[in-house]
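Examining the three-dimensional arrangement
The residues making up each chain are set out below.
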Amino acid sequence: MTEPDRLHAAISKIVGSRAAPPRLADGRASLILDVTGLDQKTRDAMADAAKQALLALPEVNEVRIAMTSEKRERRIIAVGSGKGGVGKSTLAANLAVALAGLGRKVGLVDADIYGPSVPRLMDAEGTRPVAEDQKLLPVDTRFGVPILSMGQLVKPGQAIAWRGPMAGNALGQLLDAAWGETDTLIVDLPPGTGDVQLSMISKYKPAGAVIVSTPQDLALIDAARAVDLFTQANVPIVGLVENMAGYACPHCGQLSDPFGAGGAQAAASAMGLDFLGRVPLEIAIRQASDAGDPPAAHEGFAGEPFRAIAAKLAAWLDRPAG
């Protein structure tokens, strides 16, 4: 075994494949450590452990460690709508949970600056992110999806009355956080086509956008505006989702369509876009959401529509480039 190999063997259990064989000259060991995707605390701990392992060797009396990191390309999927009240945040949270269930390294950003609801949806109310090296550390949830939301940074019930530049800066803090090995961010946008959407598009350029609408004509008119905004900015539209699509009476089982039926699918067809699926107007979804227990985290009919839509999104993310 060569000298570099012998030194490498001494630290391989600590750093694995994150380091090339160290170099030794005049008792000084030099090590290059790949810390891509690791937070600062983990980086420091790994470097210290490697240093101690090398110093334990009789031929080493000094250790120098250089840490390198590749810039991770993190894809952003924006979840938007032309108007409020269409269930956009519920869809975003369940998409993130369902993608995590598929083995994806996914995070969830609540960019709905003025009406953040993700902490409630993800059972994270009362949690507050901390900052390290001037970056926020996302808050872990029991669903395997780290989150960041303006709702974690202000007092409960406090109104956020910010003009465009302040909202844009807040969005930047959430998106530029220390997301670690997360490779996909689901971003719950505020309704409409305002400052937050423009800030995201201009600075962070989403890989794609999912548009949410109810079946009724008024919602579809606004959804078309959201589609047009992303299209003008050359952000691909993953597809449309029809929410609150059909209601089954819990007493008699009769099906009804209080918001109409099939409107989003027809609109997607007319615009040449993919239709990702329907989510029914279901009391179990509402109850689970209010309880901070996303239906997509569990087997059963309430979570099935979200899992089906997430599967289509996963296939879209995995499509060949170009």
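Everything quoted here is computed from the prediction, not taken from an experiment. (Residues numbered from 1 in each chain as written. Predicted model: local features only at pLDDT ≥ 70, side-chain atom pairs only at ≥ 80, totals over all residues. Heavy atoms only, no water.)

Pairing in this open sheet of 7 strands is parallel, and the strands run 8-5-9-4-10-11-14 from one edge to the other. Sheet topology places strand 8 (147-149) and strand 14 (275-279) at the edges, where each strand pairs with a single neighbour. Recorded for the sheet is a direction-independent mean angle of 20 degrees between the axes of neighbouring strands. Here 5 bridges tie strand 4 (residues 75-80) to strand 9 (residues 184-188), and the two strands are oriented parallel to one another. Residue pairing in the sheet places Ala78 in a bridge with Val187 of strand 9. On top of the sheet, helix 8 (residues 263-271) reaches strand 11 (237-243) and strand 14; it is set at about 155 degrees to strand 11, its chief contact. (Pairing = 2+ DSSP bridges. Helix = DSSP H or I, 4+ residues; strand = E, 2+ residues; numbered from the N terminus. Axes fitted to C-alpha atoms, helices over the stretch in contact; angles between N-to-C directions. Contact = heavy atoms within 4.5 Å.)

Let us look at the pattern of salt bridges. Under the definition given, this model contains 13 salt bridges. In this structure, Arg104 engages Asp318 in a salt bridge whose closest nitrogen and oxygen atoms are separated by 2.5 Å. Residue Arg104 is found in the loop between helix 3 (88-101) and strand 5 (106-110), and its partner Asp318 is found in the segment after helix 10 (304-317); the two are separated by 214 residues along the sequence. In this structure, a network of salt bridges that share partners links the residues Arg28, Glu62 and Arg64. (Salt bridge = Lys/Arg side-chain N within 4 Å of Asp/Glu carboxyl O.)

Whenever strands of a sheet pair, they do so through backbone hydrogen bonds, lying parallel or antiparallel. Spatially, 1-2-3 is the arrangement adopted by the 3 strands of the open sheet, whose pairing is mixed. Bordering the open sheet on either side are strand 1 (23-25) and strand 3 (62-68), each of which pairs with just one other strand. Averaged over neighbouring strand pairs, the angle between their axes works out to 20 degrees when direction is ignored. Where strand 1 lies against strand 2 (residues 28-34), 3 bridges are found, and the strand directions are antiparallel. Note on strand 2: the bridge partner recorded for Ala25 is Arg28. Along the sheet, helix 2 (residues 40-55) contacts strand 2 and strand 3; its crossing angle with strand 3, the most-contacted strand, is approximately 150 degrees.

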